[in-house]
There are 2 protein chains.
Amino acid sequence: MTQPPSLSDRLRRGDVLAAACPSREVLRHVTGRWAVLILIVLEEGTQRFSALRRRVDGVSERMLAQTLKHLEHDGLVARVSHAVVPPHVDYTLTPLGEEAAAHVRRLADWVEANVPQIVAARG
Amino acid sequence: MTQPPSLSDRLRRGDVLAAACPSREVLRHVTGRWAVLILIVLEEGTQRFSALRRRVDGVSERMLAQTLKHLEHDGLVARVSHAVVPPHVDYTLTPLGEEAAAHVRRLADWVEANVPQIVAARG
DNA sequence: CCGCATCCTTTAAGATACTG
DNA sequence: CAGTATCTTAAAGGATGCGG
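Looking at an unreviewed UniProt entry, one finds chain A named Helix-turn-helix transcriptional regulator and attributed to Sphingomonas liriopis.

Draft legend 1. The protein's contact with DNA strand D, seen in detail. Of all residues adjacent to DNA strand D, which total 20 residues, the nearest are R48, S50, R79 and Y91 of chain A together with R33 of chain B. Atoms of DNA strand D within 4 Å of the protein belong to the sugar or the phosphate in 66% of instances, the rest to bases. Broken down by secondary-structure element, the contributors of at least two residues to the surface near DNA strand D are helix 4 (49-55), helix 5 (61-73) and strand 3 (88-93) of chain A together with helix 3 (33-42) and helix 5 (61-73) of chain B. Looking at the surface near DNA strand D element by element, the count peaks at 4 residues for helix 5 of chain A. Grouping the constituent residues of the surface near DNA strand D by class yields 9 nonpolar, 4 polar and 7 charged.

Draft legend 2. A look at the interface of chain A and chain B. Contact residues are listed per partner, giving 58 residues for chain A and 57 residues for chain B. The tally of links from chain A across to chain B stands at 5 salt bridges. The shortest N-O distance in the salt bridge between D74 of chain A and R122 of chain B comes to 2.6 Å. For the pair chain A and chain B, the interface holds 14 residue pairs in polar contact (both at pLDDT 80 or more). Elements supplying a minimum of two residues to the side of chain A that touches chain B: helix 2 (22-30), helix 3 (33-42) and helix 6 (95-121) of chain A. Residue contributions to the side of chain A that touches chain B peak at 20 residues, all from helix 6 of chain A. Per-class residue counts for the side of chain A that touches chain B are 29 nonpolar, 11 polar and 18 charged.

Draft legend 3. Inspection of the protein's contact with DNA strand C at higher detail. In the neighbourhood of DNA strand C, 18 residues make up the surrounding shell, with R33 and W34 of chain A together with E61, R79 and Y91 of chain B lying closest. For DNA strand C, the fraction of protein-proximal atoms (within 4 Å) that sit in sugar or phosphate groups is 65%. Between DNA strand C and W34 of chain A there is a distance of 2.8 Å, counted from a phosphate oxygen to a side-chain nitrogen or oxygen. In the environment of DNA strand C, a phosphate oxygen lies 3.1 Å from a nitrogen or oxygen atom belonging to the side chain of K69 of chain B. Elements with a minimum of two residues in the surface near DNA strand C: helix 3 and helix 5 of chain A together with helix 4 (49-55), helix 5 and strand 3 (88-93) of chain B. If you tally residues by element for the surface near DNA strand C, the top one is helix 5 of chain A, at 4 residues. Classifying every residue of the surface near DNA strand C by side-chain character gives 8 nonpolar, 2 polar and 8 charged.

Draft legend 4. The UniProt feature "domain: HTH hxlR-type" (unreviewed entry) in chain A, seen in detail. Mapped onto the present numbering, the UniProt feature "domain: HTH hxlR-type" (unreviewed entry) falls at residues 21-119 of chain A. Segment residues 21-119 of chain A splits into 65% helix and 14% strand. End C-alpha atoms: 35 Å apart.

Draft legend 5. Highlighting the side chain of D15 of chain A. Along the chain, D15 of chain A falls in the loop between helix 1 (7-12) and helix 2. Within polar-contact distance, the side chain of D15 of chain A engages the backbone nitrogen of L17 of chain A at 2.9 Å.

Draft legend 6. Here's a closer look at the relation of the copies chain A and chain B. Superposition of chain A onto chain B requires a rotation of 180° combined with a translation of 0.0 Å along the rotation axis, giving an RMSD of 0.2 Å. Between the two chains, the operation in question is that of a two-fold axis. Using C-alpha coordinates, one finds that chain A approaches the rotation axis most closely at T31 of chain A, a distance of 2.7 Å.

Quick notes on the rules
Residues numbered from 1 in each chain as written. Chains lettered and ligands numbered in written order. Predicted model: local features only at pLDDT ≥ 70, side-chain atom pairs only at ≥ 80, totals over all residues. Heavy atoms only, no water. Near = heavy atom within 4 Å. Helix = DSSP H or I, 4+ residues; strand = E, 2+ residues; numbered from the N terminus. Nonpolar A, V, L, I, M, F, W, Y, C, P; charged D, E, K, R; others polar. Contact = heavy atoms within 4.5 Å. Salt bridge = Lys/Arg side-chain N within 4 Å of Asp/Glu carboxyl O. Polar contact = N/O pair within 3.5 Å; in protein donor to acceptor, adjacent residues only side chain to side chain. UniProt positions renumbered as here; feature names shortened; annotations may be inferred. Least-squares fit on C-alpha atoms with pLDDT ≥ 70 in both.

Structural data, given as structure tokens:
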């Protein structure tokens, strides 16, 4: 149980409860279906496109590319393209991305640890 | 930078990177567009449907009802319906829900605190 | 009147094929 | 290899109705 945030807080730092606040969009990107998994995998270190595609089971190339673009746009992921044949593109977390990844990883860890209890409670 | 999880970990507690693992579905529910905001508001205490609708700016009644149903199904939210006219339905976090809410709130707090930097970096 | 359920429209996601 | 373009399919969202 916490108290509602003060007005000064809501003006100074953005407010996810306000529909017009840009934090809403960032939160949507970070908590996106594939973004969560990509951030977790990238926390292990730099990965190439194809490696991400293999680690994040079930992601399509289209969604992987789109999600990486969003994360890059938000400054959470850095894209480095090596001009060689065949092409070689590396994706790395920025310092900001490392922080975001740590948060979503803690959440995912919690889900993984509690999923047996959750599934059991469903009957 | 962390290391890839051991095989025993991936079998014992669920693995969000495996498409078939039920943790994927739970993670999707918890990180859903509206679920994140609903969990945060419910952390302040029990709320009724109409109050949630007002606090979570932009949510439709349909999405609010659907998301609450998912969270209830996962055992994160408890629904108490008082048989009065006009109807009165209360939603409360379960102990499990409190934990989940704490995690998503920390993530949302981080986003709110860093959104100025993120928006600025976009140019 | 509040809390949904149902219908219908709009948007996002997924599969597939193709190019620098 | 690392994407993009195109098409199909599923999910999100909005308007409306209805039972309690």
